[in-house]
Amino acid sequence: MKRQGNKLQIVGYIKAPLLSQVGRIELGISLSDGSKLNIPVELGPSSHYKSHERTASFYEFDFDLPIDVVESYQFYLKLNERNHLLVGYMEDDVIFKKYLESKFVLLGSKVISYEKKPMKIKVMETKHVPLNSKEVTTGKKISNRQKELISKKGMNSLLKFKAVQKWIHPFLKKQKKSGCIMIGKAC
């Protein structure tokens with residue numbers, strides 16, 4: 001899962017015991033207005049774990065969700081005409097800071113939140129983000145909370161990097177506009 005412009009690209013697979021024993025499999029998303037999106041899935045190469053023969057049935061998917069619109073996306077799996085809510089699992093290379101156990105990502109005036117069980121992704125304005133059952137009025141509070149989590153995990157070098165990044169960002173932005181990015185030399 002990663003950001004691509006004003007979209008969130010989600011690439012993954014559906015893994016469950018005995019998927020090869022069920023009939024038709026569909027991945028779907030319920031939107032906040034009650035409408036539904038069908039996501040195409042296909043049997044993928046992950047089904048051939050260390051073998052040329054299929055060892056399991058893993059259904060892969062690749063789709064984009066818009067993140068410039070406030071919306072709630074509830075994921076479900078349709079097996080043999082019955083809907084089942086999904087439990088999501090994310091690898092470490094996603095936009096959510098798994099190592100901090102943070103389920104929020106700030107993207108300008110929007111916040112993306114993630115719930116694992118049942119799997120749900122929400123795009124919200126920063127003024128309306130629930131955090132620990134309290135109403136957060138700005139993205140600044142989420143940012144401060146993530147700094148606290150970084151500190152608790154002993155990742156002080158990351159905090160120092162963020163401080164240096166804030167200081168150097170205007171300089172790099174000015175250099176980028178002029179088309180000249182040479183550190184330490186005049187252009």
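Nothing here was measured: the structure is a model prediction, and the numbers come from that model.

How each quantity is defined
Residues numbered from 1 in each chain as written. Predicted model: local features only at pLDDT ≥ 70, side-chain atom pairs only at ≥ 80, totals over all residues. Heavy atoms only, no water. Pairing = 2+ DSSP bridges. Helix = DSSP H or I, 4+ residues; strand = E, 2+ residues; numbered from the N terminus. Buried < 20%, exposed > 50% of the residue type's maximum accessible area, 1.4 Å probe, protein only. Core = buried A, V, L, I, M, F, W, Y, C linked by side-chain atoms within 4.5 Å. pLDDT = per-residue confidence, 0-100. Contact = heavy atoms within 4.5 Å. Salt bridge = Lys/Arg side-chain N within 4 Å of Asp/Glu carboxyl O.

Trainee: I'd love a proper account of the sheet that holds strand S5 (residues 42-43), names of residues and values included.
Mentor: Within the open sheet, the 4 strands sit side by side as S1-S2-S6-S5. Their pairing is antiparallel. Each of the sheet's edge strands pairs with one partner strand only, and the pair in question is strand S1 (2-4) and S5. Direction of pairing for strand S2 (residues 7-14) relative to strand S6 (residues 59-66): antiparallel, over a ladder of 8 bridges. Counted as the bridge partner of Tyr13 is Glu60 from S6.

Trainee: Run through the pairing of S6, naming residues and quoting values.
Mentor: On a regular strand, each side chain points to the face opposite its neighbour's, so the side chains alternate between the two faces of the sheet. Of the two faces of S6, only the one carrying Tyr59, Phe61, Phe63 and Leu65 is buried; Glu60, Asp62, Asp64 and Pro66 on the other face are not. As judged from the 2 bridges shared by S5 and S6, these two strands associate in the antiparallel manner. Paired with Glu42 across the bridge in S6 is Glu60.

Trainee: For unusual backbone geometry, give the residues involved together with the corresponding values.
Mentor: The amide bond that connects Lys117 to the next residue, Pro118, takes the cis arrangement and shows omega of -10°. Topologically, Pro118 is positioned in the loop between strand S10 (110-115) and strand S11 (120-125). Even without glycine at this site, Asn80 takes up a positive phi of about 50°. As for its position among the elements, Asn80 is in the loop between strand S7 (71-79) and strand S8 (82-85).

Trainee: Describe in detail the nonpolar core, supporting the description with residues and values.
Mentor: Judged by nonpolar contacts, the single largest core of 28 residues is most densely connected at Ile10, Ile29, Phe63, Leu65, Tyr73, Phe75 and Ile121. Mapped by element, the contributors of at least two residues to this core are S2, strand S3 (25-31), S6, S7, strand S9 (104-107), S10 and S11.

Trainee: So what about the confidence of the model for the chain? Which residues, and what values?
Mentor: In the predicted model, the chain carries a mean pLDDT of 76, and 75% of its residues have values of at least 70. When pLDDT is averaged over each helix and strand of the chain, the minimum, 47, is found for strand S13 (residues 134-136) and the maximum, 92, for strand S4 (residues 36-39). Taken as a whole, residues 133-137 scores under 50 in pLDDT and shows 13 contacts with residues more than four places along the chain or in a different chain. This model gives residues 180-185 a pLDDT under 50, and the stretch forms 7 contacts once residues within four places in sequence are excluded.

Trainee: Any chance you could break down the pattern of salt bridges for me, citing the residues and the numbers?
Mentor: Working definition: two side chains of opposite charge can pair if their charged atoms are close together. Throughout the structure, instances matching the rule amount to 4 salt bridges. Here Glu26 ties to Arg24 by a salt bridge, and the two come within 2.6 Å at their closest N and O atoms. When its relative accessible area of 57% is taken as the criterion, Arg24 is described as exposed.

Trainee: Can you explain the pairing of S10? Please cite residues and give values.
Mentor: When you tally the buried positions in S10, you get 5 out of 6 residues, the bulk of the element. Across 4 bridges, the pairing between S9 and S10 is antiparallel. What sits directly across from Phe104, in S10, is Ser113. What sits between S9 and S10 in their antiparallel hairpin is a turn of 2 residues, with Gly108 showing a positive phi close to 65°. With 6 bridges connecting them, S10 and S11 associate as antiparallel partners. Bridged to Glu115 within S11 is Lys120. Following S10, the chain reverses through 4 residues before pairing antiparallel with S11.

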